[in-house]
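For reference, the chains in residue letters:
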Amino acid sequence: MKCGFDNDKYLQIQSEHIKERIAKFGDKLYLEFGGKLFDDYHASRVLPGFQPDSKLQLLMQLADYAEIIIVISAVDIEKNKVRGDLGITYDKDVMRLRDEFQSRGLMVGSVVITHYNGQEAAKAFRNRLKRMNIKTYYHYTIPGYPSNVALIDSDEGYGKNDYIETSRPLVVVTAPGPGSGKMATCLSQLYHENKRGIKAGYAKFETFPVWNLPLKHPVNLAYEAATADLNDVNMIDPFHLEAYGKTTVNYNRDIEIFPVLNAIFEGIYGENPYKSPTDMGVNMAGYCIYDDEACRSASNQEIIRRYYTALNQLADGKGSESEVNKIELLMKQAKITTDDRRVTIAAKERGAKEKVPCSAIELADGTIITSATSDLLGTSAALILHATKHLAGLDHKIKLIPKEMIEPIQKMKVTYLSGNNPRLHTDEVLVALAMLSKSDENCRLAIEQLPNLRGCQVHSTVMLSEVDRKIFKKLGVDLTCEPIHKKVKPLIG
């Protein structure tokens, strides 16, 4: 992927800007970190050159006087919401985040369960955290939120929430994903701190939408696609336009909550230091794009990938038609179709010819390789073999794994493990390659090419098994699938 984002410049000017914002407040600053502190693969995909741990690197510069609050919604706990990039539930990701932060010398003060309304799953999660001596707090659902400002800014609103005990001047509020209630947690704390006579401030570090890019720029449209399940909508910030006469981009939840923030700040300071939601932010990402076309192209590809993800979830009975329809609308606004994904065309063309499940991969140099399901291998397993042989400079006719080695594995899967699919999955092929690499030079050369698959694009004409999807994820491959469940045909004879 062609780079278009200057990560070094980003680290420099973003760090300076955050420090300037901290200096504007007195006793304590609550800094909402939107998106992901590390493993921010969405940002790295739509802003090629952005490093997934950039925000973590920024935070580590402030480690001596910062502490972290991890926020998770009780609603997400109850429905076992999964992080799409890692394939783990949000509650498990809370534990992963805590361990990762602490391993880097960062202090994690507590966990906050938001949107709490007596959910049993949330109670069980809190009890689990308590047994681990992790401080845990409840923040409750507030009727009429966010429009009922009088109730929100009262003892029956934010005042009903648990007060989160903190000990450092910079409090970073983060979460496994969007919609967790990070901003509400910050505002609730401002309310409680004011009651205790502590002057506290608030700022927002959200990478997307990028406020100084056009509303319909593909980078911003890709953010809408990524949050289609939340019904987030990018909007022109009306408060900023009125205050400064300048057009900036924000999103609906920040704009809707601004009157609440305004009322709370007026109650604390007598006036709001921010004239708009855009003023609250500290995002400098838009100033670090040096190749706009590269970022546009990368973002368009992300929108298409998100579209396929939504289609697959709908086919599995987990998604919604409204999510699919929203991303379809975004694709129309970006003037793109699934045919703008080269591997999609290649896989479908071979599938139409072979009449079996097929797949295609686009390598870093633009080369496209295809594969088809056979009696021995599933299409994704065959694709990895074809791609690694090509990268290693091996003749395509070479059989890396002999038939006599595959057949006993198939017998084990079907006869002894009662499986329905005798064909080898990607993990089984990789294990076989590893075993053969001790004595076969070609297998060793093929294995050494696996890191070169990172960042490559793959499309399958059928929905792959969970095993295959996880292998592609571990290899760093961006996978899409047609929303078709494959039908496994038994071997003949």
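As shown above, the structure is provided for reference.
Residues numbered from 1 in each chain as written. Predicted model: local features only at pLDDT ≥ 70, side-chain atom pairs only at ≥ 80, totals over all residues. Heavy atoms only, no water.

### Brief notes about the overall build of the protein chain
When its secondary structure is counted, the protein chain shows 20 helices and twelve strands. Rg of the C-alpha trace for the protein chain: 25 Å, near the compact-globule value of 23 Å for 493 residues, within the 12% margin. In terms of principal-axis extent, the alpha carbons of the protein chain reach across some 80 × 50 × 40 Å. The buried share among the 493 residues of the protein chain stands at 53%. Relative to all contacts within the protein chain whose residues are 6 or more apart in sequence, the contacts with residues 24 or more apart total 68%. Within the protein chain, one finds 63 positive and 63 negative side-chain charges whose respective centroids are separated by 4 Å. (Helix = DSSP H or I, 4+ residues; strand = E, 2+ residues; numbered from the N terminus. Rg over C-alpha atoms; globule rule 2.2 N^0.38 Å. Buried < 20%, exposed > 50% of the residue type's maximum accessible area, 1.4 Å probe, protein only. Contact = heavy atoms within 4.5 Å. Lys, Arg positive; Asp, Glu negative; His and termini not counted. Charge placed at Lys NZ, Arg CZ, Asp CG, Glu CD.)

### Quick notes on the nonpolar core
Counting residues in hydrophobic clusters, the biggest one holds 101 residues, and the most contacted among them are L47, F101, L187, L190 and I303. In this structure, L187 is in contact with Y158, I257, V260, L261 and I264, ignoring residues within four places of it in sequence. By size, the runner-up hydrophobic cluster in this structure holds 35 residues, among which are A382, A387, C456 and F472. (Core = buried A, V, L, I, M, F, W, Y, C linked by side-chain atoms within 4.5 Å.)

### Comments concerning the sheet that holds strand β12 (residues 478–481)
Ordered in space as β10-β9-β11-β12, the four strands form an open sheet in which the pairing is mixed. The outermost strands of the open sheet, each flanked by one partner alone, are β10 (368–372) and β12. Across the sheet, the axes of successive neighbouring strands diverge by a mean angle of 15 degrees, strand direction being ignored. When strand β9 (residues 358–362) meets β10, the two strands line up antiparallel, connected through five bridges. Note that in β10 the partner of E362 across the bridge is I368. Here helix α16 (residues 379–392) sits on the sheet in contact with β9, β10 and β11 (457–460), set at roughly 145 degrees to β10. (Pairing = 2+ DSSP bridges. Axes fitted to C-alpha atoms, helices over the stretch in contact; angles between N-to-C directions.)

### Some words on a nonpolar patch on the surface
On the surface, M412, Y416 and L417 cluster together into a nonpolar patch covering about 360 Å² of accessible area. Structurally, L417 can be placed in the loop between α17 (403–416) and α18 (426–436). Exposure remark for L417: the relative accessible area of 59% places this residue in the exposed category. (Patch = residues over 30% accessible without salt bridge, like charges linked within 9 Å, V, L, I, M, F, W, Y side chains within 5 Å. Areas by Shrake-Rupley, 256 points an atom, 1.4 Å probe, with all protein chains shown as cover. Salt bridge = Lys/Arg side-chain N within 4 Å of Asp/Glu carboxyl O.)

### Some points on the packing of helix α13 (residues 292–315) against helix α14 (residues 321–334)
Packed helix pairs are characterised by how far apart their axes lie and by the angle those axes make with each other. Where α13 contacts α14, the two axes come as close as 9 Å, and the packing angle between them is 160 degrees. Considering their axes alone, α13 and α14 lie roughly antiparallel with respect to each other. As for how α13 packs across α14, the hand of that crossing is left-handed. Only E321, E323, V324, I327, E328, M331 and A334 of α14 make contact with α13, whose side of the interface consists of N300, I303, I304, R306, Y307, A310, L311, Q313 and L314. (Parallel < 35°, antiparallel > 145°, perpendicular 65-115°, else oblique. Left-handed = near helix turned anticlockwise from the far one by under 90°.)

### Re helix α5 (residues 90–103)
End to end, α5 covers 20 Å across 14 residues, agreeing with the expected 20 Å (1.5 Å per residue, within 8%). Looking only at α5, the buried set comprises Y90, D91, D93, V94, M95, L97, R98 and F101. Contact partners of the buried residues in α5: α3 (54–60), β2 (66–73), α4 (74–78), β3 (107–116), α6 (120–131) and β5 (170–174). Downstream of α5 by one or two residues, G105 has phi in the positive range, about 85 degrees. (Expected span 1.5 Å × (residues − 1).)

### Some words on the environment of A200
Relative to the helices and strands, A200 is located in strand β6 (residues 200–205). Residue classification places A200 among the buried positions, given a relative accessible area of 2%. Separated by 105 residues in sequence, A200 and R305 have C-alpha atoms that sit 41 Å apart. Beyond its immediate stretch of four places on either side in the chain, A200 contacts K28, Y30, L190, E193 and Y269.

### Details of the state of the cysteines
One pass over the structure, following the stated rule, counts zero disulfides. In this structure C456 is a free cysteine whose sulfur lies 14 Å from that of C3, the closest cysteine sulfur available. Residue classification places C456 among the buried positions, given a relative accessible area of 2%. Just so you know, C481 is unpaired, no disulfide at all, and the nearest cysteine sulfur is the one on C358, 13 Å from it. (Disulfide = S-S within 2.5 Å.)

### Quick notes on the pattern of salt bridges
The tally for this structure, following the rule as stated, stands at 25 salt bridges. Across the salt bridge formed by E120 and K123, the nearest N and O atoms sit 3.4 Å from each other. Of this pair, E120 and K123 both sit in helix α6, separated by three residues, roughly a single helical turn. Given the relative accessible area of 32%, K123 is considered partly exposed. Note that R342 and E362 form a salt bridge whose closest N and O atoms lie 2.9 Å from each other. Note that R342 is positioned in helix α15 (residues 342–354) and E362 in strand β9, a separation of 20 residues in sequence. Salt bridges here are not isolated pairs; linked through shared partners, they connect E32, K204, E206 and D254.

This is a description of form; function is not addressed.
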